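# Results of the structural survey
Listed below, chain by chain, are the residues.
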Amino acid sequence: MARRLPSLREMIRALIARPSVSCTDPRFDQSNRAVIDLLAEWAEALGFRVAIQPLAHGKANLIASLGPTERGGGLALSGHTDTVPCDPDRWHSDPFTAVEKDGRIYGLGSADMKSFFALVLSAASEIDPATLRRPLLLVATADEESSMAGAKALLPEQLAPARCCVIGEPTGLRPIRMHKGVMMESIRVRGQTGHSSDPALGANAIEGMHRVISELLAIREELQERYRDPAFAVPVPTLNLGAIHGGDNPNRICGHCELSIDLRPLPGMDIGELRSLLKQRLGQALPASPRLGLSVESLFGGVPAFETRADADLVRSCEHLSHARAGAVSFGTEAPFLSRLGVETVVLGAGHIEQAHQPDEYLPLEHIEPATAILRGLVERYCVAPAP
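Attention here is on the structure that accompanies the text. None of the values given here were measured: they were computed from a predicted structure.

### Quick look at the sheet that holds strand β5 (residues 104–106)
In a beta sheet, neighbouring strands pair by backbone hydrogen bonds and run either parallel or antiparallel. Read from one edge of the open sheet, three strands run β4-β5-β16, paired in antiparallel fashion. Each of the sheet's edge strands pairs with one partner strand only, and the pair in question is β4 (99–101) and β16 (362–364). Strand-to-strand twist across the sheet, computed as the mean angle between neighbouring axes with direction ignored, equals 20°. Where β4 lies against β5, three bridges are found, and the strand directions are antiparallel. Each residue of the ladder has a partner; that of Lys101, found in β5, is Arg104.

Given below as structure tokens:
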């Protein structure tokens, strides 16, 4: 029996209208509480038991449950409430006003991934709570787009009622059971300035960084020879030299150079081991000296690679409901953090990752009906039907 709830499109419009940008730059970072409070209001209207987990800087997670949580073995439907920053002048409409045209809903977070919550609540409104044999959880997190602080703050007992978890990132309605990890490291070479007319007066940090880059390229080649997984479109780990800054004037020996890199490991590659390898090999390539120094620091904690077995029950169920074979992607999600809490995890959602983080982000209207049907099927499978 349907309960009182705004229409699906009204919920999408309301969520997009509440800015919740997360950013490593404090100038652009915002609280997500307006989104969390709205989701809490809607979930309570459907009979969910709602708990809000406060985090730092005015952020929060929401964990809402429907059905007999003491029995366990249920389903969690999870997503992040934040968005990336945007450039409004590059949009053809207001990013915070949902616009429906050409078979699409435009707006910041329409695909990545506020619409997912509206889809979940719409599907849940069609379920009689009395029919639930096992619990249904709605999990909404903070700061996925910056620090993953929300997912990292979730506690094992909060997800204990769930056996499985589906994260509704935009995957084109295709289940994803694997993704690469994400590492971002800052490498700094400290040299000694001096007049360029006499190299002996200083130690050139750019020349030191040249040795570092040569070693990084050698490490990349070795990793790509050692690790390969054909399930990925790019079947090897990648290492990108993303940004470099050094020196200030042509007639001065460069005293400082900084390089930022992005490394995407495959499942089976450990982030901690990779960081140790980088520090060891780069230290050997540029041994410490009084005139030339090296430091390697992580720009954030990193996202581990993620993998759920191809024969896992949740993978099979998602494949059956979506009529698509589970695959792999190179972007990171909260999946490794949730799976570490003991729940079998798959990433599956409406929209396409190609529209995420872009001007004129949109959700295809044609995804709404099949996405809702998949969610209803998952709830039926894991919360209503006899235990699988």
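### Some details on the packing of helix α3 (residues 114–124) against helix α10 (residues 368–384)
As a packed pair, α3 and α10 sit with axes 9 Å apart at the nearest point and diverge in direction by 55°. The angle between α3 and α10 places the two elements in the oblique class. For the crossing formed where α3 meets α10, the hand is right-handed. Where α3 approaches α10, its residues Phe116, Leu119, Val120 and Ala123 are matched on the opposing element by Ile368, Ala371, Thr372, Leu375 and Arg376.

### What about the packing of aromatic side chains?
What the rule picks out here adds up to two aromatic pairs. For the cation-ring pair, Lys101 lies above Tyr106, with the distance from its terminal atom to the ring centre recorded as 5.8 Å. Positioned over the ring face of Tyr382 is Arg381, at 5.6 Å from the centre of the ring.

### A look at the packing of helix α2 (residues 33–45) against α3
Orientation of α2 relative to α3, taken along the N-to-C sense of each, is 10°, at an axis distance of 11 Å. Comparing their axes, α3 and α2 come out roughly parallel. Taken together, the residues of α3 that come into contact with α2 (itself represented by Val35, Leu39, Trp42 and Ala43) are Lys114, Phe117 and Leu121. Of the residues belonging to the contact of α2 with α3, the class tally is six nonpolar, no polar and one charged.

### A look at the pairing of strand β7 (residues 162–167)
The element β7 is largely enclosed, with a buried count of five among its six residues. With five bridges connecting them, strand β3 (residues 74–80) and β7 associate as parallel partners. When the sheet's bridge partners are listed, Gly74 is paired in β7 with Ala162. In the sheet, β7 pairs with strand β15 (residues 344–347) via four bridges, with the strands oriented parallel. The residue bridging Ile167 from the neighbouring strand is Val347, located in β15.

What counts and what doesn't
- In this convention, every chain numbers its residues from 1, walking through the sequence in written order.
- Side-chain atom pairs in this predicted model are given and counted only at pLDDT of 80 or more, local residue features only at pLDDT of at least 70, and totals for whole chains, interfaces and linings cover all residues.
- Working from all heavy atoms in the structure, the side-chain values ignore hydrogens and water.
- We treat two strands as partners when DSSP finds at least two bridges between them.
- Numbering of helices and strands runs from the N terminus; a helix is a DSSP stretch of H or I covering at least four residues, while a strand is a stretch of E covering at least two.
- Axes here refer to lines fitted to C-alpha atoms; in helices the fit is confined to the stretch in contact. Angles between the N-to-C directions go from 0 to 180 degrees.
- Roughly parallel means an angle under 35 degrees; roughly antiparallel means over 145; roughly perpendicular covers 65 to 115; every other angle is labelled oblique.
- For any pair of crossing helices, the crossing counts as left-handed if the nearer helix is rotated counterclockwise from the farther one by less than a right angle, and right-handed if it is rotated clockwise.
- For this analysis, residues touch if any pair of their heavy atoms sits within 4.5 Å.
- Working definition: a ring pair exists when centres of Phe, Tyr or Trp rings (six-membered ring for Trp) sit within 6.5 Å. Plane angles under 30 degrees give stacked, over 60 give edge-to-face, the rest tilted.
- Distance and angle both matter: a charge sits over a ring if NZ of Lys or CZ of Arg is within 6 Å of the ring centre and within 35 degrees of the ring normal.
- For this classification, Asp, Glu, Lys and Arg are treated as charged, while Ala, Val, Leu, Ile, Met, Phe, Trp, Tyr, Cys and Pro are nonpolar and the rest, including Gly, are polar.
- Only protein chains enter the accessibility calculation, which uses a 1.4 Å probe; a residue is then buried when its area is under 20% of its type maximum, exposed when over 50%, and partly exposed in between.

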